Amino acid sequence: MGFEQAWLVYAKREVSAQWAGVHTICTEQRGRITEHAAAELRTAFSQITGEELILCSRLPETEETGCILLKLADGRREGGYHLYEEKGNLRIEASDEAGLLYGAFELIKQLQLGSAFDGMDICKDPVMPLRMLNHWDNMDGSIERGYSGESFFFDHNEILVDERTVTYARLLASVGINGAVINNVNVKDAATWLITDRYFEKLRQLSAVFGDYGIRLFLSLNYAAPIELGELTSADPLSEEVREWWKRRMKLVFEQVPNLGGFLIKADSEGRPGPFTYGRTHADGANMIAEAVKPYGGLIIWRCFVYNCMQDWRDYQTDRARSGYDNFTGLDGLFHDNVILQIKNGPMDFQVREPVHPLFGGLKASNQILEVQIAQEYTGQQRHVCYLIPMFKEVLAFCTYAAGADDTVEEIVSGRTFRQTKCGMAAVANTGNDENWTGHDLAAANLYGFGRLAFEPSASAEELAREWIIRTFGGDKEVLEVLLFILMNSWKAYEMYNAPLGIGWMVNPNYHYGPNVDGYEYDRWGTYHRADHMGIGVDRSRNGTGYAGLYREPNASMYDNLESCPDELLLFFHHVPYTHRLKSGKTVIQHIYDTHFEGVELVDEMVERFEGLEGRLPEKAYRRMLERFRHQKEHAREWRDQINTYFYRKSGIADEKGRKIY
Ligand code: GCW
């Protein structure tokens, strides 16, 4: 069976008599999505239990058992479902077809997990309205920050629609993802032309495939499109001519591409064009395009990743961490209702540890999407294993005090805090055309976990890992135990041998892989550690850049005070001597040494336990992972030794335990 099926690999397994007795799918629904739900159930049963399910539109006879009923019924949220057993039949009820599809995948999951048939009763409504993937795929086929091969959406400036597109849509729907942006937010060259007739035909096909699985197609947009398409000389959002241009263009696009959800826009960021050129605000820019897509129900997702990337490293006043907040809080309440602000989980850029972005809690009157990155740009690039769901759980659980004491990030992006429906979560995708989708086989757990988490944030990271392991690799107890140990320790291990105590960066410039403590220290990107022979850290307290004060109380004081600032973020908020004592009782320097030695030991343990799985995993997958684990083992040492050596040489302070430092 192919690795391209990922967790939808339907391997034959021993099932109870009731499961084996399922023989018919009954539904009166005739929509495309329901058809695909039924087709998926048929494939799953035929491969897992060996039964070829009959499809019919009648209801089961009184005494009949072994039927699956798909039925529309009121009372659930969009995409929600109720799956339950009644008199030997399984019923899936939902308010819409997407709910039936999600219910069908839930049923398949229960079958894969070997759950009891009798008494099954599962009721779920998606917690976040928008559950999106953002692909950073370029139209030449390359992927920005892609670590699993090339794009399966684009090649040589053409759009691809084939078998893989369908499998992709099935995988997304199976975890409840309902939107996908297929092209890079850095929209250049051919991608600017995606909103022209050059690509409508293919976009229509793609959109139809997505639509069959309850997924909306989104595109990234070039803010300067009117100019770059050669039609206007300005992109000023207050110019009538420009506004009219967008209205005409959007009318055409939405007419030509049904089921289009809208657009994602990166403006005035890292060299991309935006409203700043015309002395206008982000609200002016976003609203202009929002107005143009409004008649078609379109959404404009506007990124808040806006900062000065031409900073002078000598400048201690400017703080990149502040920039998102400073650029957007003043505009809160000015954005149209169909604009959503998309905010990265932290104020910098997907480091292994960052505080939560202060715009969460800072904004009160804007729709918000939380952006995370499952492409492991700074967390091992899918060569190191790094299961990120525990990190995302922490972000979601962070209390912002936006309106009350319960206002976590989860409450905000689920729409509960400010009663919003245009909100949710997006992940920068980690997929490519590698056979197993994600390069590292274990990186697929992040794709799986992300979708599941956005649908059901109360699920634990461990529960999601467990489901994913069993669905992907079957029911072997040893496999489950070892892979669970690896996944659940992987983020922690990576953090231990990476940049210490929340300071981040320390990577090789540009490609962001491998240790380089001073790689960004004298550069223009606003990412510094400020280490000298006495100490390290960035002073973001009131005596420094004041960043800590951007949070609502009591968070602001907690971060501002050295005594209450959590250890893991200490160097993000404070500049301290190497001899400063952490809450753990260790000095900063000793903490650096200890975590780096112990992080490597943890990796060694992971790899050793993994090697014990030989013969229990598909040979090819085992080899593929083993190769990566061996690299991780060596590379973790490289991290350890470079970081420890750097700080030993800077501080002149020896390791208490006398371990080897160079
Ligand atoms: O993480 C950084 C990446 C860029 C990326 C940018 C962004 C798509 O290094 O490659 O550009 O963030 O999020 O826009």
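Everything that follows concerns the structure shown earlier in this document.
Thresholds, definitions, all that
Residues numbered from 1 in each chain as written. Predicted model: local features only at pLDDT ≥ 70, side-chain atom pairs only at ≥ 80, totals over all residues. Heavy atoms only, no water. Buried < 20%, exposed > 50% of the residue type's maximum accessible area, 1.4 Å probe, protein only. Helix = DSSP H or I, 4+ residues; strand = E, 2+ residues; numbered from the N terminus. Pairing = 2+ DSSP bridges. Axes fitted to C-alpha atoms, helices over the stretch in contact; angles between N-to-C directions. Parallel < 35°, antiparallel > 145°, perpendicular 65-115°, else oblique. Contact = heavy atoms within 4.5 Å. Nonpolar A, V, L, I, M, F, W, Y, C, P; charged D, E, K, R; others polar. Polar contact = N/O pair within 3.5 Å; in protein donor to acceptor, adjacent residues only side chain to side chain.

Burial within strand β15 (residues 367-373) is extensive, with seven of its seven residues counted as buried. Burial along β15 is two-sided: Asn-367, Ile-369, Glu-371 and Gln-373 and Gln-368, Leu-370 and Val-372, pointing in opposite directions, are all buried. One ladder, built from five bridges, connects strand β14 (residues 339-344) with β15; its direction is parallel. The residue bridging Ile-340 from the neighbouring strand is Asn-367, located in β15.

Time to look at the sheet that holds strand β16 (residues 424-428). Pairing within the closed barrel is parallel, and its eight strands lie in the order β7-β10-β11-β12-β13-β14-β15-β16. The mean angle between the axes of side-by-side strands here comes to 25°, regardless of whether they run parallel or antiparallel. Examined bridge by bridge, strand β11 (residues 216-221) and strand β12 (residues 260-265) share five bridges and lie parallel to one another. Paired with Leu-221 across the bridge in β12 is Ile-265.

Where helix α2 (residues 32-48) contacts helix α3 (residues 97-113), the two axes come as close as 8 Å, and the packing angle between them is 10°. Overall, the two elements α2 and α3 adopt an arrangement that is roughly parallel. Each of Arg-32, Ile-33, Thr-34, His-36, Ala-37, Glu-40, Leu-41, Ala-44, Phe-45 and Ile-48 in α2 lies in contact with α3, whose residues at this interface are Glu-97, Ala-98, Leu-100, Leu-101, Ala-104, Phe-105, Leu-107, Ile-108, Leu-111 and Gln-112. Taken together, the residues of the contact of α2 with α3 sort by class into 14 nonpolar, three polar and three charged.

With that out of the way, let us pick up the side chain of Asn-184. Note that Asn-184 resides in the loop between β10 (179-181) and α5 (200-211). Residue classification places Asn-184 among the buried positions, given a relative accessible area of 3%. A distance of 2.9 Å separates polar atoms of two side chains, one belonging to Asn-184 and the other to Asn-138. The contact partners of Asn-184, leaving out residues within four places of it in the chain, are His-135, Trp-136, Asp-137, Asn-138, Glu-144 and Ser-220.

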